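Coordinate inspection notes
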Amino acid sequence: MVFDIIEHLQIRPELKESILEFRKQYPVEPQFQSRIPVPSNIYYGTDIWEKAVTALLCGKNILLVGHKATGKNIFAENLAAAFARPRWDVSFHVNMDAASLIGMDTFKKQEVIFRPGPICCAAQHGGFAVLDEINMAKSEALAVLHGTLDFRRSIDVPGYERIDLHPATRFIATMNYGYAGTKELNEALVSRFVVIRMPMISQEHLILLLQDHYPTLKTEGAKELAAVYLDLQKKCENAQISSCAMDLRGLLDGVALMEKGLNVQDALDMGITNKTFDPYEQTLIQDTIRGRISKKMKPEDLFEEKYLNNDENFENLINTYTGYRGDEGLYHNKRTVQRHGTAGDAGRTESEKFCLGSGGTVWAGTAVSRLCTGWDGGYVSEYYYRSQL
């Protein structure tokens with residue numbers, strides 16, 4: 001049994017059923033099974049999930065618009081995983097041309113043959129094509145997509161045959177608006193997408209994200225780090241600092257450095273403050289951070305003191321203990337928990353000792369006791385087994 005993201009979606013039951021029907025209707029060819037993503041992160045936001053799933057079920061293509069680090073690419077990966085579709089990634093740049101998308105001629109065994117590009121591959125095999133930073137390419141290159149995105153749903157390859165799109169093929173484009181190197185999209189191209197504006201992450205979801213990435217991070221520590229990020233976001237919105245410091249990836253990188261023992265403020269400077277090169281702005285950012293994070297704070301104040309975090313110990317635990325999904329054992333990323341138990345009533349465990357009941361899921365918890373695994377239909381994933389148990 002493998003990890004299945006659909007178990008963790010907090011969307012309407014009828015949408016889940018429709019996704020499962022979609023999977024059954026369009027099975028994936030064996031040679032492309034490896035292209036179906038297994039996400040390490042889940043995008044939080046029921047409203048966005050329901051909009052996107054509804055659009056894809058209706059056969060629409062999606063354009064995800066938002067600031068950097070709003071989870072656009074993670075969400076695109078999640079969607080491909082939820083629908084169990086092979087994914088082809090296309091990273092757009094100023095030198096992208098039609099041949100890079102559709103394909104080009106090449107030599108093989110002294111013959112000229114057509115080597116299909118990512119758009120053709122996704123079109124033929126029912127994949128999800130993720131068009132990353134679509135507003136960085138030239139309009140001439142993007143024009144070749146018009147026929148694939150509208151009612152025609154086909155590609156005419158010059159000198160070769162016409163390719164009709166597989167019924168399961170979808171296109172998910174992402175774009176950051178107003179950044180260097182980007183431009184306005186052609187209206188004709190935009191009209192072929194339904195547009196979803198990705199919101200900035202909320203404090204609640206940011207705390208969950210931090211603890212998903214770093215299961216040993218204490219809840220209080222996650223709250224303080226989330227507050228720092230949101231303070232910087234507010235200053236950015238008020239034009240007090242530039243968007244350079246509003247870097248969620250930088251925050252996650254900083255927490256990784258803290259987990260390895262680096263001084264908390266030094267880690268935040270490396271992950272966030274130093275992303276801007278203006279000395280005055282650096283001072284404003286440091287003042288904001290120090291307003292929340294004391295100089296006396298140490299990494300051990302943010303993380304659980306005792307835990308096992310090496311693969312050898314996890315292998316030994318897997319051989320010693322059992323995780324349950326119903327009557328089956330389930331392990332994900334070499335993480336397991338002690339003995340057996342159940343998940344919370346239609347809820348989640350985040351940094352809790354244990355949970356009881358039925359109907360919920362256990363996901364990326366940090367502190368588990370003797371009774372804690374997935375119930376029948378739930379999952380245990382990325383647990384750290386605490387040595388003090």
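Just so we're clear, the structure is a prediction, and the values are computed from it rather than from any experiment.

What about the pattern of salt bridges?
Applying the stated criterion across every chain, the model contains 13 salt bridges. Between Glu14 and Arg12 there is a salt bridge, with the nearest N and O atoms lying 2.9 Å from each other. Two residues, Arg12 and Glu50, come together in a salt bridge whose shortest N-O distance is 3.2 Å. Of the two residues, Arg12 sits in the segment before α1 (13-25) while Glu50 sits in helix α2 (residues 46-57), which places them 38 residues apart along the sequence. Assessed through its relative accessible area of 35%, Arg12 is described here as partly exposed. The exposure class assigned to Glu50 is buried, which follows from its relative accessible area of 19%. Through salt bridges that share partners, Arg12, Glu14 and Glu50 make up one connected network.

Re the packing of helix α9 (residues 203-213) against helix α11 (residues 248-259)
The description of two packed helices rests on the angle between their axes and on the distance between the axes. Relative to each other, α9 and α11 sit at 45°, their axes nearing to 11 Å. In terms of axis orientation, α9 runs oblique to α11. You can see that α9 and α11 cross each other, and the crossing is right-handed. Touching Leu206, Leu209, Leu210 and His213 of α9 are Leu248, Leu251, Leu252 and Val255, all from α11.

Topic: the sheet that holds strand β1 (residues 62-65)
Taken together, five strands build an open sheet; the order of strands is β2-β5-β8-β1-β9 and the sheet is parallel. Across the chains shown, the open sheet's two edge strands, defined by having one partner strand only, are β2 (87-91) and β9 (194-197). If you compare each strand with its neighbour and ignore which way they point, the axes differ by 20° on average.

Here's the deal with unusual backbone geometry
Despite not being glycine, Ala84 shows a phi value in the positive range, around 55°. Within the fold, Ala84 resides in the loop between α3 (72-82) and β2. If you check the backbone angles, Ala239 has positive phi at about 65° while not being a glycine. Position of Ala239 among the secondary structure elements: in the loop between α10 (219-237) and α11. Taking the relative accessible area as the measure of exposure, Ala239 reaches 67% and is therefore exposed.

Re the environment of Asn274
Tracing the backbone through its elements, the reader meets Asn274 in the loop between α12 (264-271) and α13 (279-292). With 29 residues separating them in the primary sequence, Asn274 and Ala245 have C-alpha atoms 8.2 Å apart. Sequence-distant contacts of Asn274, that is, excluding residues within four places in its chain, are made with Asp269 and Gln282.

Digging into the pairing of β1
A regular strand places its side chains so that they alternate between the two faces of the sheet. Neither face of β1 is left uncovered, since the one carrying Ile62 and Leu64 and the one carrying Leu63 and Val65 both have all their residues buried. Here β1 runs beside strand β8 (residues 170-175); their pairing, made up of four bridges, is parallel. The residue of β8 that forms the bridge with Leu64 is Thr174. Looking at chain direction, β1 and β9 are connected through four bridges and run parallel. What sits directly across from Leu64, in β9, is Ile196.

Overview of the confidence of the model for the protein
When pLDDT is averaged across the protein, the result is 77; 76% of the residues are at 70 or more. pLDDT under 50 marks residues 307-389. Its contacts with residues more than four places away, or in other chains, come to 215 contacts.

The rules we used
- Residues numbered from 1 in each chain as written.
- Predicted model: local features only at pLDDT ≥ 70, side-chain atom pairs only at ≥ 80, totals over all residues.
- Heavy atoms only, no water.
- Salt bridge = Lys/Arg side-chain N within 4 Å of Asp/Glu carboxyl O.
- Helix = DSSP H or I, 4+ residues; strand = E, 2+ residues; numbered from the N terminus.
- Buried < 20%, exposed > 50% of the residue type's maximum accessible area, 1.4 Å probe, protein only.
- Axes fitted to C-alpha atoms, helices over the stretch in contact; angles between N-to-C directions.
- Parallel < 35°, antiparallel > 145°, perpendicular 65-115°, else oblique.
- Left-handed = near helix turned anticlockwise from the far one by under 90°.
- Contact = heavy atoms within 4.5 Å.
- Pairing = 2+ DSSP bridges.
- pLDDT = per-residue confidence, 0-100.

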